[in-house]
Each structure stands twice: as structure tokens, then as C-alpha cells.
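If you want the building blocks of each chain, they are given just below.
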Amino acid sequence: MLFFGYTQCPDACPTALARAAEVRKQLGSDGDKVQVVFVTLDPERDTDVLMREYTSAFDPSFLGLRGDQAATRKVAEEFRVFYQRVPSGSSYTLDHSVLNYVFDPKGRLRLLWRPDETAVQCVSDLRILMKSERPFWRFFS
Amino acid sequence: MKSKILVSAFLLVAAGVVDAQVTVSDAWVRATVPAQRATAAFMQIVATDGARLISASSPVAGTTEIHEMAMVDGVMKMRAIPGLDLPAGKTVVLSPGSYHVMLLDLKAPIRVGDAVPLSLVFESPDKRRTTMELKAPVRALTDASGGHRQP
């Protein structure tokens with residue numbers, strides 16, 4: 001599960017991370033098959049230490065990724081993530097798209113979740129995906 | 001016994017009321033991890049005769065702003081706004097997905113169990129300004145219920 005955001009976002013980002021943590025919990029032992037990756041779009045303010053503290057507050061298994069400005073721009077373009085810095089009040093905020101990507105172990109993009117999809121809906125999606133990924137000889141077991 | 005209940009009810013109301021016409025309820029602040037320098041306060045505000053929230057401040061933050069969030073075509077946008085109109089008698093909800101009081105340049109981490117002091121400045125329709133002091137309890141960083149909790 002992959003998504004993009006920034007830690008100063010008090011709203012969409014913690015909600016998405018909390019949902020991801022809830023999804024892993026609800027999956028039980030299958031939760032270990034899910035790797036959550038949170039990529040910062042604000043590498044200037046989201047330091048390595050902050051990313052580590054922030055992601056592990058939700059779930060110690062979560063990975064926070066941070067590049068420099070150029071690498072961030074490149075990866076966002078690759079994943080068609082829109083973001084832009086907007087001056088606001090005393091500093092700046094980021095406008096950013098909020099879709100959550102789900103890749104299978106072969107690296108194929110399988111799902112896109114909107115922020116309003118619930119943890120229960122996400123778990124149901126993942127269960128269907130995991131079932132379809134089982135090898136044929138285990139299909140009837 | 002009855003009078004005791006009445007007294008405590010009065011004290012409870014007095015905590016969040018200015019001139020008996022602006023009421024703030026369910027205020028809370030999102031906890032932070034140590035390296036984080038920003039967080040937000042959420043609450044519900046009712047101004048009986050209408051008012052405007054024109055500023056906020058807190059001793060825990062170097063800078064405090066009133067922010068609006070909006071989802072436009074799948075893009076989350078956050079902006080500082082000069083003030084927040086409180087139409088008469090209407091409950092204005094500051095929650096994830098709408099408005100919040102942004103606390104920036106935090107002086108220390110915000111921890112669950114703390115209560116964050118907030119000063120809110122309201123302007124009445126006749127331009128009178130009043131300040132309300134309150135203490136907002138801290139909820140976990142991972143709290144996801146805010147956006148969906150019913151008033």
C-alpha cells in the first residue's frame with residue numbers, strides 16, 4: 001500500500017495512515033503480507049527522524065520514504081500524484097492528491113482507494129485480491 | 001442533591017461560554033511525535049446571535065492560524081483564512097475535512113493526556129470583541145474518528 005502526503009497535514013494524511021493501520025490489524029495474520037509505504041511530498045520539513053517517528057506512531061512496520069526535492073518531483077510524476085506548494089499564512093501548505101495505491105507482490109497496480117473508503121471496505125478488497133493470488137493447487141484447500 | 005447537579009451543570013456551561021452567546025464544545029487537539037512542529041485543534045462552535053472567529057492563540061505554539069480544508073477533484077487543499085463566520089444559531093464544526101485551528105512552531109510535543117490551553121477571539125455583529133479561554137484535551141495522533149463523529 002502506497003500513498004503520498006506530509007506530516008504537517010492535520011487531516012487527510014493521519015486519517016489515511018490510521019486507516020492503513022486499522023486495515024493491517026483487521027487482516028489478522030494476513031496483515032503481515034501488507035507493507036505500507038508513506039512518501040513525503042514535503043522533504044524540506046519532513047526530516048528522516050520525523051518521518052520515522054511519524055509513521056511508526058501508526059504502526060511500527062510502516063515505512064516512511066523521503067527524497068530530495070528533485071527525486072520527490074520525479075516519483076510524484078511517475079505515480080501521477082499532483083502536488084504543489086502554496087503560500088499560506090506564515091509559511092506554506094501543500095495541495096496534494098489523496099489516492100491510495102495497492103500493488104501486488106509482482107509490482108502490478110491492483111487497486112486505487114479514495115480517502116472515503118472505510119477500513120472494512122479496504123479489508124474486503126484485499127481479501128479478494130489475496131484469494132485470487134493463491135496458487136492453483138491451493139485453491140480448494 | 002438536585003442543587004448540586006444544577007451547580008455543576010452551570011460550571012460546565014460557564015467553561016465554554018462568552019457573554020452567554022458563543023459556546024464551544026468537543027474541543028480536542030491531535031497529539032504529535034517529538035520531531036513534529038505542527039498540529040491542529042478541532043471543536044464545535046455555536047454563536048446564538050452570530051459572530052466571527054477572528055483569531056486564536058495558544059502558549060504551546062509560536063504561530064496560530066485558522067485553516068480551511070477542502071477536497072477539490074481528489075486534491076486536498078489547506079489554506080489560512082482571515083476569519084471564520086459563525087452564522088446565528090448554527091453549529092460550525094471544525095473537524096478533519098473542514099476547518100481547524102492550526103498550531104505551528106510548537107514549543108514541545110503534544111502528548112495524549114495533556115490539555116492544550118487555547119484563546120479564541122470572537123467578534124460580535126456589533127464589532128465587540130471577546131476572548132474565550134479553554135483547554136482542549138489531546139487525542140492520539142492516530143485518531144481517525146474526528147471526521148466521521150456526529151455532532
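Residues numbered from 1 in each chain as written. Chains lettered and ligands numbered in written order. Predicted model: local features only at pLDDT ≥ 70, side-chain atom pairs only at ≥ 80, totals over all residues.

Draft legend 1. Highlighting the overall build of chain A. Counting its regular elements, chain A contains four helices and seven strands. The order of α-helices and β-strands along chain A, N terminus first, is β-α-β-α-β-α-β-β-β-β-α. Taking 2.2 N^0.38 as the reference for a compact globule, 141 residues should give roughly 14 Å; the C-alpha atoms of chain A span a radius of gyration of 16 Å, in line with that estimate. The C-alpha extent of chain A, read off along each of the three principal axes, is 60 × 30 × 25 Å. (Helix = DSSP H or I, 4+ residues; strand = E, 2+ residues; numbered from the N terminus. Rg over C-alpha atoms; globule rule 2.2 N^0.38 Å.)

Draft legend 2. Region of the structure containing the confidence of the model for chain B. Residue and element names in this part refer to chain B. For chain B, mean pLDDT is 86; residues scoring 70 or higher make up 82% of the total. Overall, residues 1-14 carries pLDDT values under 50, and its contacts beyond four positions in sequence, including any with other chains, amount to zero contacts. We note a pTM of 0.84 for the whole complex and an ipTM of 0.84 for its interfaces. (pLDDT = per-residue confidence, 0-100. Contact = placed C-beta atoms within 7 Å.)

Draft legend 3. Helix H3 (residues 69-78) of chain A, seen in detail. In terms of residue burial, H3 of chain A counts as a barely covered element, since only one of its ten residues are buried. A positive backbone phi angle near 55 degrees is found at Arg80 of chain A, which sits one or two residues after H3 of chain A. (Buried ≥ 20, exposed ≤ 12 C-beta atoms within 10 Å, placed from the backbone.)

Draft legend 4. The interface of chain B and chain A, seen in detail. In this assembly, 27 residues from chain B lie in contact with 29 residues from chain A. For the side of chain B that touches chain A, the secondary-structure elements that each account for two or more residues are strand E3 (39-47), strand E5 (61-72), strand E6 (75-81) and strand E9 (99-106) of chain B. Here the side of chain B that touches chain A takes six residues from E6 of chain B, the largest share from any one element. Strand direction decides the pairing type here: strand E5 (residues 91-97) of chain A and E6 of chain B, joined by two bridges, are antiparallel. Along E6 of chain B, the bridge assignment pairs His96 of chain A with Met76 of chain B. (Pairing = 2+ DSSP bridges.)

Draft legend 5. Broad picture of the pairing of strand E7 (residues 109-113) of chain A. All names here are of chain A. Where strand E6 (residues 100-103) meets E7, four bridges bridge the pair, whose relative direction is antiparallel. What sits directly across from Tyr101, in E7, is Leu112. Following E6, the chain reverses through five residues before pairing antiparallel with E7; Gly107 in that reversal takes a positive phi of roughly 85 degrees.

Draft legend 6. Spatial organisation of the nonpolar core. In terms of nonpolar packing, the biggest core is built from 69 residues, with Ala41 and Val101 of chain B touching the most fellow members. By residue number, the principal contributor to this core is helix H1 (residues 12-26) of chain A, which donates eight residues. Sequence-distant contacts of Val101 of chain B, defined by excluding residues within four places in its chain, comprise Ala40, Ala41, Ala56, Thr64, Ile66, Leu94 and Leu118 of chain B. (Core = buried A, V, L, I, M, F, W, Y, C linked by C-beta atoms within 7 Å.)

Draft legend 7. Looking closely at H1 of chain A. Residue and element names in this part refer to chain A. For H1, with 15 residues, the first-to-last C-alpha span of 21 Å sits near the 21 Å given by 1.5 Å per residue. Along H1, twelve of the 15 residues are buried, which leaves the element largely enclosed by surrounding structure. The set of residues buried in H1 consists of Ala12, Cys13, Pro14, Thr15, Ala16, Leu17, Ala18, Arg19, Ala20, Ala21, Val23 and Arg24. Where H1 terminates, the next one or two residues include Gly28, which has phi positive at roughly 65 degrees. (Expected span 1.5 Å × (residues − 1).)

Draft legend 8. View of the environment of Leu103 of chain B. Residues and elements named next belong to chain B. Within the secondary structure, Leu103 is located in strand E9. Judged by C-beta crowding, with 29 C-beta atoms within 10 Å, Leu103 ranks as buried. Residues Leu103 and Ala70 lie 33 residues apart in sequence; the distance between their C-alpha atoms is 19 Å. Contacts of Leu103, omitting those with residues within four sequence positions, involve Ala38, Thr39, Ala40, Ala41, Ser58, Val60, Ala61 and Thr64.

Draft legend 9. Here's a closer look at unusual backbone geometry. Residues and elements named next belong to chain B. A positive phi angle is found at Asp26, which is not glycine, with a value near 50 degrees. Looking at the secondary structure, you find Asp26 in strand E2 (residues 22-30). A positive phi angle, close to 70 degrees, is found at Lys127, a residue other than glycine. Along the polypeptide, Lys127 turns up in the loop between strand E10 (115-123) and strand E11 (129-139).

Draft legend 10. Inspection of the environment of Gln36 of chain B at higher detail. Relative to the assigned elements, Gln36 of chain B resides in the loop between E2 and E3. Along the sequence, Gln36 of chain B and Pro109 of chain B sit 73 residues apart, while their C-alpha atoms lie 7.2 Å from each other. Among all residues touching Gln36 of chain B, those that are not within four sequence positions of it are Thr7, Leu50 and Tyr54 of chain A.

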